[in-house]
Amino acid sequence: MTDSLLRAALLGTGRAAPPPADPRLESLLPEASLTAEQRLLLLAGMDAVRRRAGYRPAQRAQPPEAAPDETRPACSKIAGRLLAELLAAGNDDLLAEAAELLEDAGQRLRPELLPTALAIPDEDLRKAFLPVLGERGKWLSRFHPAWSWAGVKEATAFDPAEAKRLWTEGSFSERFSLLQRLRVQDPAGARDLLASSWKEEKAEHRAELIDAMAEGLGAGDETFLESVLDDRSGQVRASAAPLLARIEGSAFAARMQARVDEMLGSSLPFEIPFASKTAGGQRRSSTPGSPARVTRRRGGMQRRVSCRRWNPRKQRSASSSSSRIHRNEWFLPMHCPSCAFLGARRSRCAWPRRCERPLPTPT
Amino acid sequence: MPFCEEKHFVRDQRGATLPLAGFDNWLLLAVSGGQPVDIAGEWNGRLLFPLGVAAEGTFHALRGEE
């Protein structure tokens, strides 16, 4: 119909005979006598309306596969707006910190931020954002080839001989990522691998390799980590301490708990037990030192105790303990220091709510 | 519900699909998560330009055309 109308229009109604119209359209034409031009234009108009009104959408029987349910809550709208601004500004340092804070709070990005977050080009930043993309982010990444970095990767089994070769011959970053991946599949095997070459590692590498142990951390790691607490390097000891504190029922956690109990048991102002065990377990007779140093040490110990322990001790609830700490200006934390320090994903402690109020600035 | 198979489409509950134009199709897909959502848009006879979507209790404005 359109073709014959078009041909007649191009050639001119004087040269080509006006096409015979569909009888149903013909009946709609006005009864008054029409010129050939009027008739052609009216038919063309009717054809256009008919096409538009009669559009039949394509059918797709199978509904598309929906994203799986989320396992963690989305961040607040306010946090989402801040993140959107940061993503638009492209400040990598702030973004990395924001992603870390989200991860610590056990939250994920709001879905509207996902297309921008998935388009992040920087490798390190991608790594920081990976855990906070949520199920929706992983689902969405399947549809865009450039976003495949966020997709679910098939866990490939390691060939032990190949792993051993990479461990002894690979570059540091290769060895680090090997250890990380191996920890996911076989935490004990990975630990044995690390222990086998522990003495030969450089101090700065030892500290980083210990960080890789955070994956798949369990009670089996306590003996090794305790031995690491006697390391010559303070950096290495500092890496091992939070891991030990995270192991439920570890001797280290018990030591820290005992120390904090001692502090909270005393009347205000707190008194630090000066002859106390160091992280390594040796006894250390220390002098009080400057007030700032004492505060730092209190903070350090405080953070090494699981937040669950903040619950009633001598009828003192978590909130009263934390308000005492607020009054003493130990920390100005954004969230529970224990949870942040221990890397707890989601805490049930009373701290975060208390800290939403602005805290007094130390004078 | 929006979906993407090389090109972006929306599909209604009975299976009829419309091809999408517009600049925020990824955003539309992201906020829907493959679930049914309410969409407002302009239909030009061939393509749908989505202008807004309400998902999970939030309305998001979409850029139909630039």
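Residues numbered from 1 in each chain as written. Chains lettered and ligands numbered in written order. Predicted model: local features only at pLDDT ≥ 70, side-chain atom pairs only at ≥ 80, totals over all residues.

**Remarks on the overall build of chain A**
Move 1: Helix and strand counts for chain A come out as 19 helices and 3 strands.
Move 2: Across the 363 residues that make up chain A, the buried fraction comes to 25%.
Move 3: Considering only contacts within chain A whose residues lie at least 6 apart along the sequence, 63% involve residues at least 24 apart. (Helix = DSSP H or I, 4+ residues; strand = E, 2+ residues; numbered from the N terminus. Buried ≥ 20, exposed ≤ 12 C-beta atoms within 10 Å, placed from the backbone. Contact = placed C-beta atoms within 7 Å.)

**Side note on unusual backbone geometry**
Move 1: Phi at B:Glu56 is positive, roughly 50°, even though this residue is not glycine.
Move 2: Its 12 C-beta neighbours within 10 Å are what place B:Glu56 among the exposed residues.

**Let's talk about the packing of helix 9 (residues 160-169) of chain A against helix 10 (residues 172-185) of chain A**
All names here are of chain A.
Move 1: Packing of helix 9 against helix 10 leaves a shortest axis separation of 8 Å and a crossing angle of 145°. Crossing geometry of helix 9 relative to helix 10 is assigned as left-handed. Two secondary-structure elements touch here, helix 9 through Ala-163, Leu-166 and Trp-167 and helix 10 through Glu-174, Arg-175, Leu-178 and Leu-182. (Axes fitted to C-alpha atoms, helices over the stretch in contact; angles between N-to-C directions. Left-handed = near helix turned anticlockwise from the far one by under 90°.)

**Quick word on helix 10 of chain A**
In an α-helix, one full turn covers 3.6 residues, which means residues spaced three or four apart are oriented alike.
All names here are of chain A.
Move 1: The terminal C-alpha atoms of helix 10, which comprises 14 residues, lie 20 Å apart, in line with the 20 Å expected from a rise of 1.5 Å per residue.
Move 2: Looking at helix 10, one finds that the buried residues are Arg-175, Leu-178, Leu-179, Leu-182 and Arg-183. End-on, the buried residues of helix 10 take up no more than an arc of 135°, which puts them together on one face. Away from its buried face, by an angle of more than 90 degrees, helix 10 presents the exposed residues Ser-173, Glu-174 and Val-184.
Move 3: Along its buried surface, helix 10 packs onto helix 9, helix 11 (187-196) and helix 12 (203-212). (Expected span 1.5 Å × (residues − 1). Arc of directions from axis to C-beta.)

**So, the sheet that holds strand 5 (residues 48-55) of chain B**
All names here are of chain B.
Move 1: Reading across the sheet, the 3 strands line up as 4-5-6 and stay open at both edges, with antiparallel pairing between neighbours. If you trace the sheet from one side to the other, it starts and ends with strand 4 (38-43) and strand 6 (58-61), each paired once. Averaged over neighbouring strand pairs, the angle between their axes works out to 20° when direction is ignored.
Move 2: Judged from the 6 bridges that link them, strand 4 and strand 5 form a sheet pairing that is antiparallel. (Pairing = 2+ DSSP bridges.)

**Brief notes about the nonpolar core**
Move 1: A:Leu109, A:Leu114, A:Ala117, A:Leu133 and B:Ala30 are the most contacted members of the largest nonpolar core, which has 38 residues in total.
Move 2: At the level of elements, helix 5 (92-104), helix 6 (114-118) and helix 8 (134-141) of chain A together with strand 2 (7-11), helix 1 (25-32) and strand 5 of chain B are the ones that each hand at least two residues to this core.
Move 3: If near-sequence neighbours (up to four positions away) are discounted, A:Leu114 is found in contact with A:Leu109, A:Leu133, A:Arg136, A:Gly137, A:Leu140 and B:Ala30. (Core = buried A, V, L, I, M, F, W, Y, C linked by C-beta atoms within 7 Å.)

**Digging into the environment of A:Gly14**
All names here are of chain A.
Move 1: Mapped onto the fold, Gly-14 is located in the loop between helix 1 (2-11) and helix 2 (23-26).
Move 2: For Gly-14, a count of 7 C-beta atoms within 10 Å gives the class exposed.
Move 3: Along the chain, Gly-14 and Ala-36 lie 22 residues apart, while their C-alpha atoms are 8.2 Å from each other.

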